[in-house]
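Notes for the structure review
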Amino acid sequence: MHFSSSTLIKIFLTLLFVSFLSQVFAQDDWKKNKQNPRATEIWNPVPPKVTPGQTNSQAPSDAIVLFDGTDLSQWTNMKGEQASWTVEDGAMTVKPRTGSIMTKENFGDVQLHIEWRSPTELVGEGQGRGNSGVFLMNQFEVQVLDSYTSSTYSNGQAGSIYKQYVPLANATKAPGEWQTYDIIFTAPVHGSSGRIVHPATLTVIHNGVLIQNHVSLLGGTAYIGVPEYDGSTEGPIQLQDHGNLVSYRNIWVRKL
């Protein structure tokens, strides 16, 4: 099909005019919507109703309570057998050399509340003083340590993402005082080939102070060497036996 030059010019001018009119009408609609508050209102979906606890320590209505101070029914040792840490006065305490413990249930994205206490008997320095750890998916560690006055390497002190991220502040209380970690964790996303599409992230609030601000994790916690991902997208929450009498209480988690 062949068009003359004059016909092509008419077609071009017509399209240009139509484009101009569409912009005018779009601007007119925008001006109308600008005056209408409902144009920016979202009514669906409606967020689910959650009843919060009376205090920050108490679990909200949609939380899974992992430890309420009475027993270790939600936990096993690393072999999948009954956990044998000491439970007394509403708290569980590491029983040295019995090994770390982990939840029976696996978790991915979570909000985790956990309270911990360093022993009052001051023994050792640095990594040997009130050492334990909270592991998300059994591999990403938020360090638990008596860092009130004792010093160690900064990416190994209380509140650090062990050997990866230094905490933004040292909010540690004195030994024997109860402390809180409120943790927001997002699990890693892997592509079909196994490569990381989105790394795991952690936000940590220590005693009400933001100390890790949505940091992207380099891989699972490694004491020596480079952190690596193992391909998993969920796993148990682990509490570490490092040989020190660290105690825990009021542990609950919300799946996100």
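Below, the structure is looked at part by part. Since the structure is predicted, the reported quantities are computational estimates derived from the model, not experimental observations.

**Brief notes about the sheet that holds strand S7 (residues 132-136)**
Read from one edge to the other, the open sheet built from five strands follows the order S2-S5-S14-S7-S8, with strand pairing classed as antiparallel. The open sheet has two free edges, formed respectively by strand S2 (75-77) and strand S8 (140-144), since each of these has just one partner strand.

**Section: the nonpolar core**
Core analysis: the biggest nonpolar cluster contains 39 residues, and Trp75, Met92, Leu136, Phe185, Leu239, Tyr248 and Ile251 have the highest contact counts within it. For this core, the elements supplying multiple residues, two or more each, are strand S1 (64-67), strand S6 (110-117), S7, S8, strand S9 (179-186), strand S12 (201-206), strand S13 (209-216) and strand S15 (247-255). Among the elements that take part in this core, S6 stands out by supplying four residues, more than any other.

**Quick word on the packing of aromatic side chains**
In this description, an aromatic ring pair is defined by two values, namely the gap between the centres and the angle between the planes. Applying the stated criterion across every chain, the model contains five aromatic pairs. Between the aromatic rings of tryptophan 116 and tyrosine 181, the centroid separation amounts to 5.5 Å while the plane-to-plane angle is 55°, which identifies the pairing as tilted. Residue tryptophan 116 is found in strand S6, and its partner tyrosine 181 is found in strand S9; the two are separated by 65 residues along the sequence. Judged by relative accessible area, tryptophan 116 falls into the buried class, the value being 0%. Among the aromatic residues, those joined into a cluster by ring pairs are Phe140, Phe185 and Tyr229.

Rules behind the numbers
Residues numbered from 1 in each chain as written. Predicted model: local features only at pLDDT ≥ 70, side-chain atom pairs only at ≥ 80, totals over all residues. Heavy atoms only, no water. Pairing = 2+ DSSP bridges. Helix = DSSP H or I, 4+ residues; strand = E, 2+ residues; numbered from the N terminus. Core = buried A, V, L, I, M, F, W, Y, C linked by side-chain atoms within 4.5 Å. Buried < 20%, exposed > 50% of the residue type's maximum accessible area, 1.4 Å probe, protein only. Phe/Tyr/Trp six-rings, centres within 6.5 Å; stacked < 30°, edge-to-face > 60°.

Without other data, these values stay purely geometric and don't point to any function.
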